[in-house]
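# Report on the structure
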Amino acid sequence: MLKYPWTALSIIVIWVTTTYIILNQSGLDINRILFMALVGTVIISLFGFRPPKIDR
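Residues numbered from 1 in each chain as written. Predicted model: local features only at pLDDT ≥ 70, side-chain atom pairs only at ≥ 80, totals over all residues. Heavy atoms only, no water.

### Remarks on the environment of Val-16
With respect to the helices, strands and loops of the structure, Val-16 is situated in helix H1 (residues 3–24). Remark: the alpha-carbon pair of Val-16 and Phe-49, spanning 33 residues in sequence, is separated by 20 Å. (Helix = DSSP H or I, 4+ residues; strand = E, 2+ residues; numbered from the N terminus.)

This is the structure we're talking about:
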């Protein structure tokens, strides 16, 4: 029932955490970190925002 808000919250947590890591750590490959966050977002979106199946 509360599938979509939890999916959206998970995506928000990914990006807030990514921002925190980038701002507080020096010497990181920012492109790699952003790419990993993007891939994680796409994976969660594919599974989390899928419409529910309707049984007939």
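Picking up after the structure, the text goes on.
### Points about the side chain of Thr-41
Inspection of the secondary structure assignment puts Thr-41 in helix H2 (residues 30–48). Given a relative accessible area of 13%, Thr-41 falls into the buried group. If sequence neighbours within four positions are ignored, Thr-41 has contacts with Ile-11, Ile-14 and Trp-15. (Buried < 20%, exposed > 50% of the residue type's maximum accessible area, 1.4 Å probe, protein only. Contact = heavy atoms within 4.5 Å.)

### Overview of the environment of Tyr-20
Assignment of secondary structure puts Tyr-20 in helix H1. Note: C-alpha distance between Tyr-20 and Pro-51 (31 residues apart in sequence) is 32 Å.

### Some details on the packing of aromatic side chains
Across all of its chains, the model carries 1 aromatic pair by this definition. A centroid spacing of 6.0 Å and a plane angle of 25° characterise the contact between Tyr-4 and Phe-49, whose relative ring orientation is stacked. Residue Tyr-4 is located in helix H1, and its partner Phe-49 is located in the segment after H2; the two are separated by 45 residues in the primary sequence. Tyr-4 gets classed as partly exposed once you look at its relative accessible area, which sits at 36%. (Phe/Tyr/Trp six-rings, centres within 6.5 Å; stacked < 30°, edge-to-face > 60°.)

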